[in-house]
Each structure stands twice: as structure tokens, then as C-alpha cells.
Amino acid sequence: MKLPSNTLRFALIFLPALLAAAGVDVPDLETRIRDSGGDVPASALPELTNPPPAPLPGTGSDRDGPQSVDAPALSEAPIAPEPPEGAIEPSLADADEGKGKVRGWASLGAGSPGTLLGELAVGRSGGDQSGFALRFAYDGADGFGGESTGSGFFDRRLSLGFAAASPGLPQDIPDSPDRRSSVTASSLSSLRDLRAESRSGTLPWRLSLGLSERTDGLQGLNAEHYSLTARDAAWQASAGIPVSQAAGLHSSIALSGAVYQSFPDRPGTSVDAPALPASAVAGAPLKETGGYRLDPLVSLSLLRGPAEISLTGAYGYESLVGRGERNSGYAALETEVTLGRIFLDARGGFYLASDAQPLFPFSLAARWESPSSVLSSLRVSGGLDAFRSSADTLIEKDPFVNSDLLGRTASDWYGSGSALISLPAAQAAQLPQLGLSADYRSTAFGRGILTPREIDEPVPGQSAGLIPVSLVSRQSLETALSLLWGSSFWSAEGTWRSEWLQGDWADPARGLEASLSFFDAGAKRLWEAGTRLGLDLTGSELPLVSLSLNLRPAQALSLSLTFDDIVPLASGTSRIRDSLYAGRSGILALSGRLDF
């Protein structure tokens, strides 16, 4: 794909400057509807990701990742109980003695069908010097559903990430880059942290840069092409600036952006497609797409006793080849008050985009926390969201979605509540924790969301093998119940989710996720064995069952054996996605990891 000359000039001008600038490490949000900007899942059964060859830090991500939105939402994900103290996940910052030291690991694994896994990570966290982290990862498999290798039933992921932070700030191994990052609730939270750090008179900063490539086989559903490839280059940067220490004025700035590209690969093969709807193999030829995004943000805050007042302004620009461009602007005034264990937050703003009439999003939120009490935490929030709903971001979850569309402005009325309860338990066990949540969303002012839809007939102009996207209004009520329990040698976790309302954007769904693990009670954790289970209680999906065994024969060496998604292999069936494509299943892999 050839990007317009102005796109290339833009990338050449800004990318070097961004590499030298300070950066933001935007944390993941558990946003469970595809590109919705909200907390309500499109399916109550989150997709179980393929377990890594070893419990590597920084590789986990939320089901859909952070949503690219133009106006931040204050809605919060259901409270997830903290893991038991015995469940150790190694990272660059897992011990105080590791701060300021360069640490890392290398892992390599292989398995069936056609599976190859690898990772190399190195970094330094905390201390008196700037922290940094660098991570390279590869994950590929070929031969889904019992098909032969080379027939198009494959996928592979390649990523390179770099992150850095000013002295004193924690820095861990970065995950894959996220080109969707914009003014999200998580990025605002990160800016608040930087503003707080700047009150010491320093200039705290963060930087992250990532490159990624993913290729997915078309499995014979397109007569012209063998596979699809998507490439991303994404960056995020931010800094906290002390304006006036005496007056309590502090500022923070952020800049994120991305250049992305998607294109079909070599000509198709002669592999026979399964018996599927005619629309799966008939349609327009696949074509190259691509574009870029830029999202600057600035905020100014005034701290007075228990209250902080902040003014935030943001601008969003995106361009998609052949589809034009989109501009958006957002301004908001927010007040945060801390009264002992009670936290109050109120925000009102103005949102304007080139594809929509002005909107006035607002949010009210309250949180109470008492870690030592039976009721450990209670949160409620509600208001009006305005955010960007985009087809191109849907490919993060589903690579076969048609992404040749500019983002659109969506809006929701929402309300959510959650609670975390610590139940009494026997002295030998960790306190069991119970999490409860409910989230409601309803499309406002006819500004619906973009979401994939089933293919049941040919779609005019739709490329063969791609999943079309529709603009729909939605009304959703989702509830979740989570339980976490454990001791010094075992831990168990379960989550039951249910979507109660039906609409064009999703079907009613009920799902159960559970995990159980046993491990060495010693400090060195010489072994660990576990299982993960996912059940679609509506009966429309196959159960997800995975097993894992980790051994540590030496302090710096660990070995892992994983058997992921056993049911399709045992039953002789395939796990199907989008009613068209076979997905990964029955992956048996052996890997080793060396820490240094």
C-alpha cells in the first residue's frame, strides 16, 4: 500500500521527535465490548487466550484492550479480586532488590500443530536511574482444525516494544503496541500519576514505542489471496510539569499516535473451502488499506487540600487512505475530592467531531475503600459518554473484520456499580474475595457503535472472506460475579457473567470462567500445575479447557508444558470464529525460559 505523500512527510517529521520525547505507558483497560468505549461485553464468555510457554510478565491483556476514544469515560470495570499472595508472577519489578538492576529473560518453545513460540526481554525498573524495557516476541501456529500446513489455516504474531520512564517511576516489560490509544480513562489516570510525581519538583516522564505484525491465513475462503497481514507502528508519550509549587499548580501533557497498514498476501491456493455461505467466497477483491492517527492532550490542575480541580483539552486527528480524514476536539473540567476513605469525582465536558453534532458528556462517580473491612470497596458511576467507535480497531480481536472505514462518533448513557467483599475463612487459607458488578448502557442521540455481523448473504461491494461491519444502537445490562480463594499452595478463581438484554449488536450470553492451580509452597516455587475452564452457558460454543505444568529445575531455568483448548481436538471438531474460520485449538507446546 502506498500512503499519500503528506502521510509519509508526517511520519518522517514527527517520529524522530517522538523517539526523543517523554512518554506515557498507558495501562490496559478491561473494556469488554468491541470498540464500544464502555464496560459492557459483546459476549459474556471472554475468549481464553493461548497460554504462554512460561508465566511471562507483560504478555497478558484484556479481552479487547483499551478502546480508542475521543472523550474519556469514568465508567469502571468490575472490581477484580487481587491474586493470593502465593501466586507469584515474575517481572522486572517483583522484588525491591531488583530495582536499578538490568534483568531479563529468553524463552523458546515449540509444539503441535506447527507451533513456534519465542520471547526475549531485558529491562531495568526503578532505582535512581531511568527505567527501561525492551521486548521481542513471536507466536505462530499452522494447521488448525487438522488441516495440513501450508493450506492457509495458520496465524503468526511478531512484536517489538520499547518503554522508558524517568528515575523513580516503575517500568516493566511492554506488551504489544496499541495503535488505538487516545484520551482514555486509563491515560488520564496515568497523567494524574505524573502530575502527582511532579509535586516533588521533578519532571517525570514516560515513553513507549511499539512495532507489530500479524498474519492470518484466509483458509481458502478467498480465491485470490492466501492470507492477510496487518502492521502497526504506535507511540505514546507523556510528562508531568510543575507549574507553581507554591500555588499548587501542576500540568501534564501527552501525545500518542500510530501508522498502520493492512494488505492481502500472495495469490490464493487450491485448498477447498468448507461448505459455507456463498458470501464467504464471493465478493470484491481484497485491497490494501492504511492510515495514521495523532492524539495530543494537555491538562492543568490545581490542588487545594483534599480537592483537585483539573482542566483537560484534547485533539484527535485520523486519516484513512481513500476514506478521507476525521477531526475531533474535547475539553473537560473535572473535580476530585478525597474525604477519608471516600473518593468523589465529577466531570463535565464539550465534545465536537467532524462527523457529529456537539455533545456534552459528563460523569459522576463515587468510591469507598476500606481494605481491612469485610466490604473492601464500593464504586458507583454514571453519565453520558462520547467516544470514537472504529472498525479498524476491531481487527485487534478479529483480523478478518473489514477495517476500511473511518471512525465514527458514538454516545452512550451509562450506569455502573461494583463491590468487593472479603469473606471470613479458616486461618490456613487466604481470605476469599467476592466481586460483584452491574453495568448498563444505552445508545444516546442515535449515535450507535460499529460492530461485526454475521454473513448470511452476499454483501454488495464486500471483499470476499472479510466480515462486514454494521452501525447499530444497543441497550445492554451485564452482571458479573467473581470469586477468588487460595492458600500457600493452591488458588482458585471463577467468574460468571451474564448479558440480559438482546439487540442487534449482541445476543444474550451467559458464561463461566474458572481456573485452579496448585504450586510449591516454598519461596522459590519449584513447580506449578493448573487448569483453566471456559463455559458458554447458552450452549452455542464448545467448552474451553486448558492444562499447564511449570517446573523450575534451577533458579534461572524454568520448563513449561501447555495443552491449550483440548475439547475440539478430543471431539474431532474445529473451533469456529465468525461462523467461517477455524481458530486455534488443541495446541500442545513445550518451552523453556532462562532468566538473567
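This one's a predicted model, so the numbers in the text were calculated from it and none came from an experiment. (Residues numbered from 1 in each chain as written. Predicted model: local features only at pLDDT ≥ 70, side-chain atom pairs only at ≥ 80, totals over all residues. Heavy atoms only, no water.)

## A few points about the overall build of the chain
Part 1 of the reasoning: Each helix and strand counted, the chain has 3 helices and 27 strands in total.
Part 2 of the reasoning: The contacts of the chain with a sequence gap of at least 6 include a subset with a gap of at least 24, amounting to 67%.
Part 3 of the reasoning: Accessible surface, the chain as shown: approximately 25,300 Å² in total, 61% of it carbon and sulfur. (Helix = DSSP H or I, 4+ residues; strand = E, 2+ residues; numbered from the N terminus. Contact = heavy atoms within 4.5 Å. Areas by Shrake-Rupley, 256 points an atom, 1.4 Å probe, with all protein chains shown as cover.)

## Let's talk about the nonpolar core
Part 1 of the reasoning: In terms of nonpolar packing, the biggest core is built from 17 residues, with Leu218, Leu228, Phe400, Val401, Val469 and Tyr581 touching the most fellow members.
Part 2 of the reasoning: In this structure, Val401 is in contact with Ala391, Leu394, Ile395, Pro452, Ile467 and Val469, ignoring residues within four places of it in sequence.
Part 3 of the reasoning: Counting 13 residues, the second largest nonpolar core, distinct from the first, contains Leu194, Leu297, Leu359 and Ala386. (Core = buried A, V, L, I, M, F, W, Y, C linked by side-chain atoms within 4.5 Å. Buried < 20%, exposed > 50% of the residue type's maximum accessible area, 1.4 Å probe, protein only.)

## Describing the packing of aromatic side chains
Part 1 of the reasoning: Scanning the model with the defined rule gives 8 aromatic pairs in all.
Part 2 of the reasoning: Here Trp485 and Trp490 contribute two aromatic rings whose centre-to-centre distance is 6.2 Å and whose plane-to-plane angle is 55°, an arrangement assigned as tilted.
Part 3 of the reasoning: Residue classification places Trp485 among the partly exposed residues on the basis of a relative accessible area of 36%.
Part 4 of the reasoning: Considering the side-chain rings of Trp496 and Trp500, the 6.3 Å spacing of their centres and the 70° angle between planes classify their relative orientation as edge-to-face.
Part 5 of the reasoning: Trp496 sits in the partly exposed class, given a relative accessible area of 29%.
Part 6 of the reasoning: The lysine or arginine in question, Arg593, covers the ring of Trp105, its NZ or CZ lying 4.3 Å from the ring centre. (Phe/Tyr/Trp six-rings, centres within 6.5 Å; stacked < 30°, edge-to-face > 60°. Lys NZ or Arg CZ within 6 Å of the ring centre and 35° of its normal.)

## Quick look at the pattern of salt bridges
Close approach of charged atoms allows side chains with opposite charge to pair.
Part 1 of the reasoning: Summed over all chains, the structure comprises 25 salt bridges.
Part 2 of the reasoning: Residues Asp155 and Arg584 are paired through a salt bridge, measuring 2.8 Å at the closest nitrogen-oxygen approach. One end of the pair, Asp155, is in strand E4 (residues 154–165); the other, Arg584, is in the loop between strand E26 (581–582) and strand E27 (587–595), and 429 residues separate them in sequence. One exposure class covers both Asp155 and Arg584, and it is buried.
Part 3 of the reasoning: Taken together, the salt bridges that share partners define one network made up of Glu318, Arg326, Asp355, Arg388 and Arg447. (Salt bridge = Lys/Arg side-chain N within 4 Å of Asp/Glu carboxyl O.)

## Things to note about unusual backbone geometry
Part 1 of the reasoning: The peptide bond linking Ser112 to Pro113 adopts the cis configuration, its omega dihedral lying at 0°.
Part 2 of the reasoning: For Pro113, the position within the fold is in the loop between strand E1 (102–112) and strand E2 (115–124).
Part 3 of the reasoning: Of note in this structure, Phe445 is not a glycine but carries a positive phi near 55°.
Part 4 of the reasoning: Here Phe445 shows up in the loop between strand E16 (433–443) and strand E17 (449–452).
Part 5 of the reasoning: Relative accessible area serves as the criterion here: at 55%, Phe445 is assigned to the exposed category.
Part 6 of the reasoning: Positive phi outside glycine occurs at Asp565, with the angle close to 55°.
Part 7 of the reasoning: Within the fold, Asp565 resides in the loop between strand E24 (557–564) and helix H3 (566–571).
Part 8 of the reasoning: In this structure Asp565 comes out as buried when scored by relative accessible area, which is 3%.

## Considering the environment of Asp398
Part 1 of the reasoning: Here Asp398 shows up in the loop between strand E14 (375–389) and strand E15 (408–422).
Part 2 of the reasoning: Take Asp398: its relative accessible area is 6%, and that puts it in the buried class.
Part 3 of the reasoning: Sequence separation between Asp398 and Ile467 is 69 residues, and the spatial gap between their C-alpha atoms is 9.0 Å.
Part 4 of the reasoning: Other than its neighbours up to four places away in sequence, Asp398 contacts Arg577 and Asp578.
Part 5 of the reasoning: One polar contact links the side chain of Asp398 to the main-chain amide nitrogen of Phe400, over a distance of 3.1 Å. (Polar contact = N/O pair within 3.5 Å; in protein donor to acceptor, adjacent residues only side chain to side chain.)

## Overview of the pairing of strand E21 (residues 509–519)
Part 1 of the reasoning: As judged from the 10 bridges shared by strand E20 (residues 490–499) and E21, these two strands associate in the antiparallel manner. Directly across from Gly494, in E21, lies its bridge partner Ala514.
Part 2 of the reasoning: With 9 bridges joining them, E21 and strand E22 (residues 527–536) adopt antiparallel strand pairing. By the bridge assignment for E22, Ala514 is matched with Leu533. (Pairing = 2+ DSSP bridges.)

## Side note on the confidence of the model for the chain
Part 1 of the reasoning: Confidence in the prediction for the chain averages 77 pLDDT; 73% of positions are at 70 or higher.
Part 2 of the reasoning: When the criterion is pLDDT under 50, residues 1–90 qualifies, and its contacts beyond four places in sequence or with other chains add up to 300 contacts.
Part 3 of the reasoning: Counted against residues more than four places away or in other chains, residues 176–183, with its pLDDT under 50, gives 45 contacts. (pLDDT = per-residue confidence, 0-100.)

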